Amino acid sequence: MGHTGLVLTGGGARAAYQVGAIRALAEIVGPGALPFDVIAGISAGAINGLALATGAEDFPRSSERLRATWATLTPDRIYKTGALRLATIGSRWIRDLSAGGLIGKPGINFLLDPAPLRSMLEKEIPFGRMRRHLRSGRLRGIALSATNYHTGAGVTFFEGAPEIEPWMRSTRIGVRARITLDHVMASAAIPVFFPPVRLERTFYGDGCVRMIYPMSPAIHLGADRIVAISVRHLRNPAETARDEIVEKTDVLPLSEIAGVLLNAVFLDSLDSDVERLERVNKGLALIPHEKLGKSDLDLRPIPALVLRPSADLGKLAADEYHRFPSMLRYLLKGIGATGHAGEDLLSYLAFEPIYVQRVMDLGYQDTIGRRAEVEEFFFGDGARRAERRGRASAVS
């Protein structure tokens with residue numbers, strides 16, 4: 001049957017969409033082990049992927065556990081929201097920017113303290129269980145990516161089958177490592193918002209910054225086909241070309257600029273990579289199979305099922321702006337984020353229960369709506385469904 005990969009990219013609170021889609025996949029695929037033996041995640045997607053990997057023996061149960069965890073999220077479980085802590089960070093930024101280095105060394109490089117997230121993940125991700133699934137062969141490989149702030153390279157840390165070889169490209173490398181919580185926090189350290197994480201002698205940040213080929217790690221780990229879950233609503237050409245002014249102003253708010261930059265980092269790379277994969281697959285389809293097998297090119301067609309939102313997740317976040325912690329609203333207002341102004345920026349931080357639930361529901365509904373495609377991808381003519389049911393019965 002080959003190896004099936006799951007690719008999950010970042011997006012902060014937007015990654016709730018992945019959780020809803022995974023819940024729907026578990027319902028469609030049915031009882032049994034995780035139908036992916038290769039998992040490649042980045043940023044919040046790395047967290048979701050590792051959470052699934054620790055429960056690889058039971059896909060429905062692990063997906064429900066992931067959903068239940070996200071359903072309890074609030075901003076203070078992700079970053080410190082106390083007025084004193086936020087004010088302290090803000091005052092240090094003001095001091096460093098205004099003093100020109102005259103008052104001590106610059107000592108601040110983040111806006112939010114993610115200590116609560118680290119504490120939560122220590123309880124929610126038992127790495128030992130993940131490694132047991134790797135040793136048993138239930139999982140072939142796990143990968144998460146981070147950005148090396150000193151070299152600017154994208155680094156994919158992986159654990160898996162001994163035959164998997166490290167790789168090196170011009171701006172990205174794959175390194176075999178024992179994945180720890182520090183690697184997870186580094187992969188999810190959104191630039192400026194969260195602090196860089198030291199791994200050995202180097203500082204790392206969010207993997208989406210340099211991972212322009214997010215499906216590449218899964219392919220290097222041996223995936224023959226891929227399910228990728230995007231958190232970007234794919235606009236039609238008319239929406240993309242339209243000039244839209246939300247309110248009359250002479251100055252574009254910094255929040256709007258920041259939102260576009262974050263979208264470029266977190267949302268665009270997967271869709272570009274999917275387009276590239278589809279072009280390669282179409283090109284390979286024109287080459288006779290016998291000639292492709294004798295070629296020196298290390299290329300093979302890789303079918304991909306891409307799940308993505310049917311609605312703009314940024315616009316959903318704007319509706320929940322009034323629920324943000326008051327001090328955070330105050331700081332965000334300073335850069336022009338006031339609801340629908342700066343909605344994309346807000347969507348990355350909107351760990352509000354109502355927003356998270358709405359996004360999870362959308363992921364579930366969108367995926368259930370594509371049930372026929374999902375069944376075709378996983379089961380084809382139905383023989384593989386019967387095989388899965390047989391394995392599930394044997395386990396139970």
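Where an unreviewed UniProt entry is consulted, the chain appears under the name PNPLA domain-containing protein, with the organism given as Anaeromyxobacter oryzae.

**Q** Which residues make up the UniProt feature "active site" (unreviewed entry) in the chain, and what values go with them?
**A** Using the residue numbers shown here, the UniProt feature "active site" (unreviewed entry) corresponds to S43 and D206. The largest pairwise C-alpha distance within this set of annotated residues, which runs over 164 residues, is 5.9 Å, so the set is compact in three dimensions. Structurally, S43 is set in the loop between strand 2 (38–42) and helix 2 (44–54). On the basis of relative accessibility, which here comes to 2%, the residue S43 falls in the buried class. Residue placement: D206 occurs in strand 8 (residues 202–206).

**Q** Which residues make up the side chain of R14, and what are the values?
**A** If you trace the backbone, R14 turns up in the loop between strand 1 (4–8) and helix 1 (16–29). Note on R14: relative accessible area 2%, which makes it buried. Among the polar contacts listed, one links the side chain of R14 to the side chain of S347, at a separation of 2.7 Å. Not counting chain neighbours up to four residues away, the residues in contact with R14 comprise V231, N263, L267, D312, L313, G314, D344, S347, Y348, Y355 and V359.

**Q** I'd love a proper account of the environment of H3, names of residues and values included.
**A** Within the fold, H3 resides in the segment before strand 1. For H3, a relative accessible area of 25% puts it in the partly exposed group. Taking C-alpha positions, H3 is 5.3 Å from D224, a pair spaced 221 residues apart along the chain. A distance of 2.6 Å separates polar atoms of two side chains, one belonging to H3 and the other to D37.

**Q** Would you mind going over the environment of V356 in detail, with residue names and values included?
**A** With respect to the secondary-structure elements, V356 resides in helix 16 (residues 353–368). By relative accessible area, which is 1% here, V356 ends up buried. Between the C-alpha atoms of V356 and A15, which are 341 residues apart in sequence, the distance is 8.8 Å. If we skip the residues at most four places from it in the chain, V356 touches A16, W70, A350 and F351.

**Q** An account of helix 3 (residues 59–71) is needed here, citing residue identities and associated values.
**A** With 13 residues, helix 3 extends 18 Å between its outermost C-alpha atoms, agreeing within 8% with the 18 Å of an ideal straight helix rising 1.5 Å per residue. Three or more residues of helix 3 are buried, namely F59, S62, S63, L66, T69 and W70. Relative to the axis of helix 3, the buried residues are bounded by an arc of 120 degrees and lie together on one face. In this structure D58 caps helix 3, since a side-chain oxygen of it lies 3.1 Å from the backbone nitrogen of R61.

Quick notes on the rules
- Residues numbered from 1 in each chain as written.
- Predicted model: local features only at pLDDT ≥ 70, side-chain atom pairs only at ≥ 80, totals over all residues.
- Heavy atoms only, no water.
- UniProt positions renumbered as here; feature names shortened; annotations may be inferred.
- Helix = DSSP H or I, 4+ residues; strand = E, 2+ residues; numbered from the N terminus.
- Buried < 20%, exposed > 50% of the residue type's maximum accessible area, 1.4 Å probe, protein only.
- Polar contact = N/O pair within 3.5 Å; in protein donor to acceptor, adjacent residues only side chain to side chain.
- Contact = heavy atoms within 4.5 Å.
- Expected span 1.5 Å × (residues − 1).
- Arc of directions from axis to C-beta.

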